[in-house]
Amino acid sequence: MTPFTTLTGIAAPLPLANVDTDKIIPARHLKTIQRTGLGVHLFDTLRYNADGSENPDFVLNREPYRHAEVLIAYENFGCGSSREHAPWALLDFGIRCVIAPDFADIFHGNSFKNGILPIKLPRAVCEQLMEDSRLGANARVTIDLERQVVIRPNGEEIPFEVDALRRKMLLEGLDEIGQTLAHTPAIGRYEQQQPAWLSGPGTTALTSTSA
Amino acid sequence: MAEAPRSLFDKIWAAHVVETLPDGTALLYIDRHLTHEVTSPQAFEGLRASGRKVRRPDATIAVVDHNVPTSADRLTAINEPESALQIATLEKNVVEFGVPYIPLNDIRQGIVHVIGPELGLSLPGITLVCGDSHTSTHGALGALAFGIGTSEVEHVLATQTLLQKPAKNMRVTVDGVLPHGCTAKDIVLAIIGRIGTAGGTGHVIEFAGSAIRALDMAGRMTVCNMSIEAGARAGMIAPDDTTFAYVAGRQFAPKGADLEKAIAYWKTLPSDPGAHFDREVQIDAATIAPMVTWGTNPEAVLPITGVVPDPAAEPDLERRGQIQRMLDYMALTPGQKLDEVPIDVVFIGSCTNSRIEDIRAAAAVARGRHVAPNVRALVVPGSGLVKKQAEEEGLDRILLDAGFEWREAGCSMCLGMNPDKLTPGQRSASTSNRNFEGRQGPGGRTHLVSPAMAAAAAVTGRLTDVRELLA
Ligand code: SF4
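Residues numbered from 1 in each chain as written. Chains lettered and ligands numbered in written order. Predicted model: local features only at pLDDT ≥ 70, side-chain atom pairs only at ≥ 80, totals over all residues. Heavy atoms only, no water.

Draft legend 1. Region of interest: the overall build of chain B. Along its length, chain B carries 15 helices and 19 strands. Relative to the 2.2 N^0.38 estimate, which gives 23 Å for 471 residues, the radius of gyration of chain B is 22 Å and therefore close to what a compact globule would have. Each of the three principal axes of chain B carries a C-alpha extent, and together these read 60 × 55 × 45 Å. Looking at chain B residue by residue over its 471 residues, the buried ones come to 66%. With an accessible surface of roughly 14900 Å², chain B has 54% of that area assigned to carbon and sulfur atoms. (Helix = DSSP H or I, 4+ residues; strand = E, 2+ residues; numbered from the N terminus. Rg over C-alpha atoms; globule rule 2.2 N^0.38 Å. Buried < 20%, exposed > 50% of the residue type's maximum accessible area, 1.4 Å probe, protein only. Areas by Shrake-Rupley, 256 points an atom, 1.4 Å probe, with all protein chains shown as cover.)

Draft legend 2. Region of the structure containing the pairing of strand S3 (residues 32-36) of chain B. All names here are of chain B. When you tally the buried positions in S3, you get 5 out of 5 residues, the bulk of the element. Residue alternation in S3 divides its side chains into two sets, Arg-32, Leu-34 and His-36 and His-33 and Thr-35, and both sets are buried. Sheet topology places S3 next to strand S6 (residues 127-130); 3 bridges connect them, and they run parallel. Its bridge partner lying in S6, Arg-32 is registered against Leu-128. Examined bridge by bridge, S3 and strand S4 (residues 60-63) share 4 bridges and lie parallel to one another. For His-33, the partnering residue across the bridge sits in S4 and is Thr-60. Crossover handedness for the path S3 to helix H2 (residues 41-49) to S4: right-handed. (Pairing = 2+ DSSP bridges. Right-handed = clockwise from strand over helix to strand, strands pointing away.)

Draft legend 3. View of the packing of aromatic side chains. Taken as a whole and assessed by the stated rule, the structure comprises 10 aromatic pairs over all chains. An angle of 75° between the planes, with centres 6.1 Å apart, marks the rings of A:Phe77 and A:Phe103 as edge-to-face. Of the two residues, A:Phe77 sits in the loop between strand S3 (70-73) and helix H3 (85-93) while A:Phe103 sits in the loop between strand S4 (97-100) and helix H4 (105-113), which places them 26 residues apart along the sequence. Residues A:Phe77 and A:Phe103 agree in their burial class; the two are buried. Between A:Phe103 and A:Phe107, the aromatic rings sit 6.3 Å apart at their centres with planes inclined by 10°, giving stacked as the arrangement. Chaining the aromatic ring pairs together yields one cluster made of A:Trp197, B:Phe244, B:Tyr265 and B:Trp266. We note B:Arg250 situated over the ring of B:Tyr246; from NZ or CZ to the ring centre the distance is 3.8 Å. (Phe/Tyr/Trp six-rings, centres within 6.5 Å; stacked < 30°, edge-to-face > 60°. Lys NZ or Arg CZ within 6 Å of the ring centre and 35° of its normal.)

Draft legend 4. Region of the structure containing the environment of B:Leu21. Along the chain, B:Leu21 falls in the loop between strand S1 (17-20) and strand S2 (26-29). Along the chain, B:Leu21 and B:Ala49 lie 28 residues apart, while their C-alpha atoms are 27 Å from each other. Those residues within four positions of B:Leu21 in sequence are excluded, and the remaining contacts are A:Leu165, A:His183 and B:Leu163. (Contact = heavy atoms within 4.5 Å.)

Draft legend 5. View of the site of the ligand. Residue and element names in this part refer to chain B. Every residue lining the ligand is accounted for by His-66, Ile-111, His-113, Asp-132, His-134, Ser-350, Cys-351, Cys-411, Cys-414, Leu-415, Asn-433 and Arg-439. Here the ligand occupies the largest cavity. Considered class by class, the residues forming the shell around the ligand number 5 nonpolar, 5 polar and 2 charged. (Near = heavy atom within 4 Å. 1 Å grid on protein atoms, 1.4 Å probe; cavity = no way out; pocket = protein on both sides within 12 Å on 5 of 7 lines; lining within 4 Å. Sits in = over half its atoms within 2 Å of the grid points. Nonpolar A, V, L, I, M, F, W, Y, C, P; charged D, E, K, R; others polar.)

Draft legend 6. Quick peek at the environment of B:Thr431. All names here are of chain B. By the element assignment, Thr-431 lies in the loop between strand S18 (427-430) and strand S19 (445-448). Residue classification places Thr-431 among the buried positions, given a relative accessible area of 0%. On a C-alpha basis, the gap between Thr-431 and Gly-306 in space is 19 Å, while along the polypeptide they are 125 residues apart. With residues near it in sequence (within four places) discarded, Thr-431 still touches Lys-185, Phe-347, Ile-348, Gly-349, Ser-350, Thr-352, Asn-353, Val-449, Ser-450, Pro-451 and Ala-454.

Draft legend 7. Inspection of the side chain of B:Ser432 at higher detail. Residue and element names in this part refer to chain B. Examined against the element boundaries, Ser-432 turns out to sit in the loop between S18 and S19. At 2.6 Å, the side chain of Ser-432 and the side chain of Ser-430 are in polar contact. Contact partners of Ser-432, with chain neighbours within four places excluded, come to Lys-185, Phe-347, Gly-349, Ser-350, Thr-352, Cys-414, Gln-440 and Leu-448. (Polar contact = N/O pair within 3.5 Å; in protein donor to acceptor, adjacent residues only side chain to side chain.)

Draft legend 8. Structural view of the sheet that holds strand S8 (residues 161-164) of chain B. Residue and element names in this part refer to chain B. The 3 strands are arranged S1-S2-S8 in an open sheet whose pairing can be described as antiparallel. Each edge of the open sheet carries a strand with a single partner, namely S1 and S8. Along the sheet, successive strands turn relative to each other by an average axial angle of 20°, direction set aside. In this sheet, S2 lies alongside S1 in antiparallel orientation, the contact comprising 3 bridges. (Axes fitted to C-alpha atoms, helices over the stretch in contact; angles between N-to-C directions.)

This is the structure we're talking about:
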C-alpha cells in the first residue's frame, strides 16, 4: 500500500449527505477482476448523461476539480454495500482523502486499507472546507497525517482524530496481512481449543455436484 | 466480584478474541467465511501475488450468486462476458486454493445469505463474514455476522482472523402482537424509518421483544438482513428453541452429541439481565402497518395508507432539498396516495425475502388472481433448495397460473448485475433491501415492500394495501 503522510491538493465540494456506494460506483461496474481502472466509473450516474456524455454540472467534470485529491461531503458518506470497488474507484480517480461529518462503517474501514484517509470533522467545519474548496485551484488544502491536522488555504489548522493503529499503517504503508501473520502461533493456539461442533464443512463435502 | 452482565454480542466477541493489541484492537477469529464471485477475485489475486495460502479452506465456502442469470437456460448461456469471466475466475480460484465450491448446476446453489443458514453453515455463537454487507442476515441465528470489503476477504482467507475494534451495543425491542397482514419486512422497515439509515452506525443491533421472538427463522433473517440499512455493523437475535429446531438436521450443522453440546453452549448466549446497551429503542408492534418506501433510501418509508410527503412542509432546508430530489427521481407528487402509485415490475426475491416462507406468502396472495396487464412479475427463489421445496408444495403452479415468472436462484433484480434489470423510468415493487437510485437498473424506481405486498401490487398493478386482498 502507498504510504500516506502529507497531501496538498485540490478539494472537490460534494455537498450531499448519504452518498451511497451505488452512487460512488453502480453495481453494473463491479464486474471486474482487478482493483484498478474503476476511476472512469466513479460517480457514474452523477457524472455522465444517459447518452454517456459528461454532465458539465457535476463537480468532477469541471476544472480544476478533475484533478481533485480530496473530497468534501456531508453525513453518512459511503453507506450501502461492502464493495471495495468504492474506494478503488476513488483512488483510481486520484482521491486520497475524504472529509465528512461521518462515514458508514464498512466504507470507512475499506478506505484505510487502500491508502485513502477518511477524516471525520464536525458539520460546521465541513461546511467551511466546502466553502474553501469552491475557490478552486487557488485554495489547496493540506492534510498532514503525521501531525493530524487539516490546513485550510488561509493557514488555519484543524486537528482531527484518527485511530492510532490505522494511522501507523497508513503512514508506513504497512501490509496488514503481513502484520497479522506474525500472530500465527496465537491463532494456532486459539484453534486448538475450539469445540468439535465448530469444525467447518470440510473440503470434500462440496466437491461433488448433486444437481 | 460477580462478572458484569454481558450482551449476546459481548459474549460472542469475547469468545473469539485471539489477542488484543496494545491499542485495544482485537484480533478476532472467524469461524465461517462465505465468498462469492464479485468481491473475491481481487482477494485471491492478492494471495497469489504474495504467495499466501488459504488458512482454513474447510471453514470457507464459495458460491456464485450475484451476477448469474436466472433464466432456465443459464447453464449454457451466460451472455455477458464480464460476468462469465468473474464466474470462471472464481472456479479457477477455488481449485487453486482448495476452497469448497457450490457450482451453478448444484441444487444447493443460491444467494450466499440464503444458503448459509439453509445448509447449516451459519450457526449460533459463531463469527461469520462474507464480502457482502447483507451478511448481517446470519445474525438471525444468534451469530456475529458482518460484511467485509475485499481487503478483509483476503485477510480472512490468509489468517482466518480480522483486526476489529469492538462495536457498541444497541437494542431494538419490538413488543406486542403484529397486526394482520404485517410481516418481518414491515417490522424492519418501520425500525429503519424510526432510527434512520445511520441510526445504527458503529453499533451491533440486538433485536429483542415478544414480536421478534414470535418470528420464524425466515422472518428473523429478514429483520437482521436489513440491519445494514440502518447503518449497523451487524444485527443479531438471541438463539432460542426456534433457532435450535431450525439448525438441527441441516447438512453441515453439528449432529448427535456434538449438537447437544452446542445447544447447551448456545443456551448461555442470550444477553444477561442488566447487560449494558449504549442505545435502546422500543417499538410497539401493534402500531406497525404494511410499509412501503417512497424515496431513494430505506428510511424514506411510510405505511401504505399514507401519502407522498410534501417537501414544503419540511422546515429544515437541506432535508427539504433531499425530499424534493427523491420525489423528482421517483416521479411522485406531494400528497399523492401511496396506494394509487402504478407499478411496472414486481420483484419477489433477494437475500431479504426469497425463502420458502416468503414464497408461500406471495403465493397466498396470488392464488386465484392474475398479474395485472402491463405488469411483469418475477419470483426468484433464494436457492435451488427453496425452488425445489416450493415446487413440491405446488407454489410454482399457483404463481405461474397467476402470470408470475418462476426463475432460477440468484440475486437477480436486487442489484441488476445480471440480465434482470429495470429499464430507465420503470417502477418496481420489490422485496429486496435497497431502493437507491439506479440500484435495480439505471433510472429504475424501487419501492421496497414485503412479499405479500409485492404480490398484491402485482395483481392490482399499483402499490396496494395487502389487507384489502386478505380474507
Ligand atoms: S440478494 Fe441483493 S443484497 Fe442480497 S447478496 Fe444478493 S445482491 Fe446483495
